[in-house]
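Coordinate inspection notes
Here is what each chain is made of, one letter per residue.
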Amino acid sequence: MQWRSLVLGLLLLRLGLQALLTLLPALAPGLCLRRRFPFPFPPPPALPGPPAATTDNHPGSSHWGSLLRRDSLGGAAGDDDYERRYSGAFPPQLRARLRDAARGMFVFGYDSYMQHAFPRDELDPLHCCGRGPDLEDPSNLNINDVLGNYSLTLIDALDTLAVMGNSSEFQKAVKLVIDTVSFDKDSTVQVFEATIRVLGSLLSAHIIITDSRQPFGDMTIKDYDNELLHMAHDLAVRLLPAFENTKTGIPYPRVNLKKGVPPDSHNETCTAGAGSLLVEFGILSRLLGDSTFEWVARRAVKALWSLRSNNTGLLGNVVNIQTGHWVGKQSGLGAGSDSFYEYLLKSYILFGEREDLEMFNDAYRNIQNHLRRGREACNEGEGDPPLYVNVNMFTGQLMNTWIDSLQAFFPGLQVLIGDVEDAICLHAFYYAIWKRYGALPERYNWQLQAPDVPFYPLRPELVESTYLLYQATKNPFYLHVGMDILQSLEKYTKAKCGYATLHHVVEKTKEDRMESFFLSETCKYLYLLFDEENPLHQSGNKYMFTTEGHVVSVDERFRTSLWQDILPAAEHGAHNGKHNDFRALNFSSNCNRVPDERRYLLPLKSNYMRQIDRMVGLI
């Protein structure tokens, strides 16, 4: 492949380090720098080889694995170890046990937070206490960007309670939020985090409460007077100063909820942070009948879109909000960029504005042209397996040889546009990394077959893609994947009072933090993967997940444009498109390429799956 020559120079630069590690073997195990091939991706083997991993590589497999082997493996075809492990029907009783285990995981984390941490923002699961903003060190952005002294974890978990059918606790939690949470706080938070975690959850819970159908059970609140919607409005008003006094319309990254934009605020923000506000702000505008919030969010998206490269059509990952100059020129699908692309598509699905779909289609085409490497087809042909890499936005040239765990969301996005075959391959790559470590390192170097940044903060992206791929294919393989993930989380991250971040995926050391998205996303997607009868999966119910995993209904009230009072139709390109517009314009739809006869076979041929396992050093 031509792209291999692009990394040859980087490979040569690594030779010195590898030679040093040969002389110092004590360092090698900790760094996992094992090499089996002269290039990053080996060719697919023509014949079956040894198994990718034994049960020892799958923590806890003996617990549920005996039931699986007894009930489902007898019908597997052939002698291939991958087929024996993953093929065949998934026993209903095992699935029910895993659903209950996922619910139990959420309950343990949620109850621990309520007992030991509420009303603070997060739970410290090792010391069984709560944490809020780091008032002593305002520069601690890892904490202060997220924690605003507003009971974050409780708010973020609201719709998970509803999805799991716990009406009594949902009603109790909503009343607690209404009675105890205020946004009139001297807290400087990141606009993006406050939007997706807090604003999005308030809106989701409000929609659930006011839904006349009540699909999750009786989630109504006695004497409810739209309090959550009013709280969402109050928070959004406090975030609006971030959009003022910027020459480009791209918002400041942070705002003080009481005082506005801090005087020492930075002028640099990431593409995802500034361009992933449209879903929540748009929902709020359309519920209130006030176009202000959607307008500022849409203006930011258009400003970023106008700054894409004339040569490649790609965007960078960090931009100056005053000059429009790209400070970070890396174009990829992970941190700093991920949800920008996600929200172009989801904004169209929810609001029906055709320009959102047109931007997404252009972006996806440019991603395929410049970021994708490997063979053309996922499940046929020769060559390297497909992979999306980080490139220079102006030249399309490879910038580095790592990817990050946030990119694991992308197969799920590909499912939404119908590019299922490509999603299968990319998901298999991330699952192979998970099998090796029992978690996803925050950053993984695919050339060195080792983590560059080894911590795992309980992120949901791989679970999300697993869930969406199962919904698209109904292939039991993805139930096996979910079982592996669930077992790993139980074995490696469970703590005295909740679930803890892994400080190092190789050493399995823990950090004293349980981020709120563990309850709002990771547990929710695991539960839904195994809960076949959930109302979300019933015919006639149409829902979409925000980038924080919050559930919002897809209905006509969100497809009424508010733009006539601000811009003429010709200028803003409003179009109340229907879903068939999406299908007609989707140039990469491959839904029909997954035939029924493959329902109980591996979604990816075993020789290609083995190739990927070798690629990450599993075999």
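Analysis parameters
Residues numbered from 1 in each chain as written. Predicted model: local features only at pLDDT ≥ 70, side-chain atom pairs only at ≥ 80, totals over all residues. Heavy atoms only, no water. UniProt positions renumbered as here; feature names shortened; annotations may be inferred. Helix = DSSP H or I, 4+ residues; strand = E, 2+ residues; numbered from the N terminus. Buried < 20%, exposed > 50% of the residue type's maximum accessible area, 1.4 Å probe, protein only. Contact = heavy atoms within 4.5 Å. Areas by Shrake-Rupley, 256 points an atom, 1.4 Å probe, with all protein chains shown as cover. Polar contact = N/O pair within 3.5 Å; in protein donor to acceptor, adjacent residues only side chain to side chain. Disulfide = S-S within 2.5 Å. Pairing = 2+ DSSP bridges. Axes fitted to C-alpha atoms, helices over the stretch in contact; angles between N-to-C directions. Core = buried A, V, L, I, M, F, W, Y, C linked by side-chain atoms within 4.5 Å. Salt bridge = Lys/Arg side-chain N within 4 Å of Asp/Glu carboxyl O. Parallel < 35°, antiparallel > 145°, perpendicular 65-115°, else oblique. Left-handed = near helix turned anticlockwise from the far one by under 90°. Nonpolar A, V, L, I, M, F, W, Y, C, P; charged D, E, K, R; others polar.

- The name given to the protein in an unreviewed UniProt entry is alpha-1,2-Mannosidase, with the source organism recorded as Eubucco bourcierii.
- In UniProt, the protein has this text filed under Cofactor (unreviewed entry): "Ca(2+)".
- Comment text from UniProt for the protein, heading Sequence similarities (unreviewed entry), reads "Belongs to the glycosyl hydrolase 47 family."

**Topic: the overall build of the protein**
- When you go through the protein residue by residue, the secondary structure sums to 24 helices and 20 strands.
- Looking at the protein as a whole, 62% of its 619 residues are labelled buried.
- Contacts in the protein between residues far apart in sequence, at least 24 positions, make up 72% of those at least 6 positions apart.
- Put simply, the protein shows about 23,100 Å² of open surface, and 51% of that area lies on carbon and sulfur atoms.

**Examining helix α17 (residues 410-417)**
- In terms of burial, α17 is a largely internal element, seven of the eight residues being buried.
- Buried within α17 are the following residues: Phe410, Pro411, Gly412, Leu413, Gln414, Val415 and Ile417.
- Two residues or fewer after α17 comes Gly418, characterised by a positive phi angle close to 90°.

**Some remarks on the UniProt feature "binding site: Ca(2+)" (unreviewed entry) in the protein**
- Under the UniProt annotation, the feature "binding site: Ca(2+)" (unreviewed entry) is placed at Thr547.
- The topology assignment puts Thr547 in the loop between β19 (543-545) and β20 (551-553).
- A polar contact of 2.8 Å, which involves the side chain of Thr547, links it to the side chain of Glu342.

**Side note on the state of the cysteines**
- Using the criterion set out here, one finds two disulfides in the structure.
- Note on cysteine connectivity: Cys128 is disulfide-linked to Cys497, with sulfurs 1.9 Å apart. An S-S torsion of about 85° defines the bridge between Cys128 and Cys497 as right-handed. Residue Cys128 is found in the loop between β1 (122-124) and β2 (129-131), and its partner Cys497 is found in the loop between β15 (494-495) and β16 (498-499); the two are separated by 369 residues along the sequence.
- In this structure Cys128 comes out as buried when scored by relative accessible area, which is 17%.
- With a relative accessible area of 4%, Cys497 lands in the buried category.
- Two residues, Cys378 and Cys425, share a disulfide whose sulfurs are 2.3 Å apart. Taking the torsion about the S-S bond as the criterion, the Cys378 to Cys425 disulfide, at about 95°, is right-handed. Pair noted here: Cys378 is in the loop between β9 (372-373) and β10 (387-388) and Cys425 is in helix α18 (residues 420-437), with a separation of 47 residues, a long-range link. Here Cys378 matches Cys425 in class, with each residue buried.
- Disulfides within the protein link the bonded cysteines, taken in sequence order, as 1-4, 2-3.
- Here Cys129 is not cross-linked by a disulfide; its sulfur's nearest cysteine counterpart is in Cys128, at 7.7 Å.

**Remarks on the sheet that holds strand β6 (residues 318-320)**
- Taken together, three strands build an open sheet; the order of strands is β5-β6-β7 and the sheet is antiparallel. The sheet terminates laterally at β5 (268-270) and β7 (326-328), the two strands that pair on one side only. With strand direction ignored, the average angle separating the axes of adjacent strands in the sheet is 35°.
- Taken together, the two bridges between β6 and β7 define a ladder with antiparallel strand orientation. Bridge pairing links Val318 to Gly328 in β7.

**What to know about the nonpolar core**
- Counting 175 residues, the largest nonpolar core has Phe170 and Phe429 as the members making the most contacts within it.
- Top contributing element to this core by residue count: α18, with 13 residues.
- Residue contacts for Phe170: discarding those within four places in its chain leaves Leu158, Leu161, Ala162, Ala205, Ile208, Ile209 and Met219.

**Points about the pattern of salt bridges**
- Scanning the entire structure with this criterion turns up 32 salt bridges.
- Here Lys259 makes a salt bridge to Asp186, at a shortest N to O gap of 3.6 Å. Here the residue Lys259 occupies a position in the loop between β4 (254-256) and β5, and Asp186 occupies one in the loop between α9 (167-180) and β3 (188-190), the gap between them amounting to 73 residues.
- Judged by its relative accessible area of 62%, Lys259 is exposed.
- Two residues, Asp211 and Arg213, come together in a salt bridge whose shortest N-O distance is 3.2 Å.
- Residue classification places Asp211 among the buried positions, given a relative accessible area of 14%.

**Regarding the side chain of Ser337**
- You can see Ser337 is positioned in the loop between β8 (330-331) and α15 (338-351).
- Apart from the residues within four sequence positions on either side, Ser337 is in contact with Ala272, Gly316, Asn317 and Gly332.

**A look at the packing of helix α5 (residues 92-116) against helix α21 (residues 517-530)**
- As a packed pair, α5 and α21 sit with axes 8 Å apart at the nearest point and diverge in direction by 165°. When the axes of α5 and α21 are compared, the pair comes out roughly antiparallel. Read as a crossing pair, α5 and α21 show a hand that is left-handed. For the pair α5 and α21, contact is made by Arg95, Leu98, Arg99, Ala102, Arg103, Met105, Phe106, Gly109 and Tyr110 and by Phe518, Leu519, Cys523, Leu526, Tyr527, Leu529 and Phe530, respectively.

**Focus on the packing of α15 against helix α16 (residues 354-370)**
- Running from amino to carboxyl end, α15 crosses α16 at an angle of 145°, the nearest separation of the two axes being 8 Å. Handedness of the α15/α16 crossing: left-handed. Mapping the contact onto sequence places Tyr341, Leu344, Leu345, Ser347 and Tyr348 in α15 and Arg354, Asp356, Leu357, Met359, Phe360, Ala363 and Ile367 in α16.
- Residue classes in the contact of α15 with α16 are distributed as nine nonpolar, one polar and two charged.

**Details of the pairing of strand β17 (residues 501-504)**
- When β17 meets strand β18 (residues 509-511), the two strands line up antiparallel, connected through three bridges. When the sheet's bridge partners are listed, His504 is paired in β18 with Thr509.
- Between β17 and the antiparallel strand that follows it, β18, lie four residues; Lys508 among them carries a positive phi value of about 65°.

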